[in-house]
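So the chains spell out like this:
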Amino acid sequence: MLGIGCLLLTCCARKDNTFIITENSVGPLTKDTVTSEIEKVFAQDSIVQDTSKLQVGAQAKKIKIYEKGGKHLLTLTSNSDSIPTIENIRVFDSRYISDKGIGLKSTFRDIQQSYGVKKIVTTLNSVVVFPKGSNLYFTIDKEELPSNLRYTAANVEAVQIPPGAKIKYLMLGWE
C-alpha cells in the first residue's frame, strides 16, 4: 500500500513540461527530433505542412502545429540536412514560457532581468533582442519604442527600449 502511495505522489509531483521552453526542447519537441517524427510528437494536435511536401521526395520546410481546437501553437522550420531536424521555432501560443519564465506576455525588462542582452539588431519595423547564453530571440515592434526611434534606420541600443516594451515574437534557433 505504501508503494502505491509513493507511486501516486511521484506521478502527481511531476512537472508538466507541455509548454516549457529550454535550450534543447520546446514542450515535447527536442533539438534532436527528426521532422518525420513530428506527427508522433504532436499526435494530439493538428499538423499542417507546406505544399512542397506534395512533391515526390520533397521535405516540408515549414510545419505548423495547431491544437485540435484550432489555436496556432508553433511554426517549425526544418533544415535541409539528409536527415532533417528542426532548425527554428516560432512560438504563437502565450502558454509557452522559457525555463526562466519569459513568454509572449513578457516585457523587455523581463528579458533583461532573466537573461541580460547580448545583442540587438534593428530592422525596418522591429528590433530583435538576442539574450546572453540562450538560443532564444525576441522581436519587439518599433511601435513599442519612443516616437523618435520608430521611423529611423539607426541602431537601437538597450537603454533606448522602454522596460515595458512588449514582445511581439518569440523564437528559438537550433544549429
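Preceding this paragraph is the structure being described.
As a starting point, this report considers the structure included with it.

As a further point, take the sheet that holds strand β11 (residues 136-141). Within a sheet, each strand pairs with its neighbour through backbone hydrogen bonds, oriented either parallel or antiparallel. Strand order in the open sheet formed by 8 strands is β4-β5-β6-β7-β12-β11-β10-β9, and the pairing between neighbours is antiparallel. The strands lining the two open edges of the sheet, one partner per strand, are β4 (46-49) and β9 (117-122). Along the sheet, successive strands turn relative to each other by an average axial angle of 20 degrees, direction set aside. Pairing between strand β6 (residues 72-78) and strand β7 (residues 86-91): 5 bridges, direction antiparallel. The residue of β7 that forms the bridge with L76 is I89.

On a regular strand, each side chain points to the face opposite its neighbour's, so the side chains alternate between the two faces of the sheet. Along β11, 6 of the 6 residues are buried, which leaves the element largely enclosed by surrounding structure. Counting the residues that bridge the hairpin from strand β10 (residues 126-131) to β11 gives 4 residues, and of these G133 lies at a positive phi of roughly 60 degrees. Relative to strand β12 (residues 169-173), β11 is paired through 4 bridges, and the arrangement is antiparallel. Within β12, the residue paired with T139 across the bridge is Y169.

Rules behind the numbers
Residues numbered from 1 in each chain as written. Predicted model: local features only at pLDDT ≥ 70, side-chain atom pairs only at ≥ 80, totals over all residues. Heavy atoms only, no water. Pairing = 2+ DSSP bridges. Helix = DSSP H or I, 4+ residues; strand = E, 2+ residues; numbered from the N terminus. Axes fitted to C-alpha atoms, helices over the stretch in contact; angles between N-to-C directions. Buried < 20%, exposed > 50% of the residue type's maximum accessible area, 1.4 Å probe, protein only.

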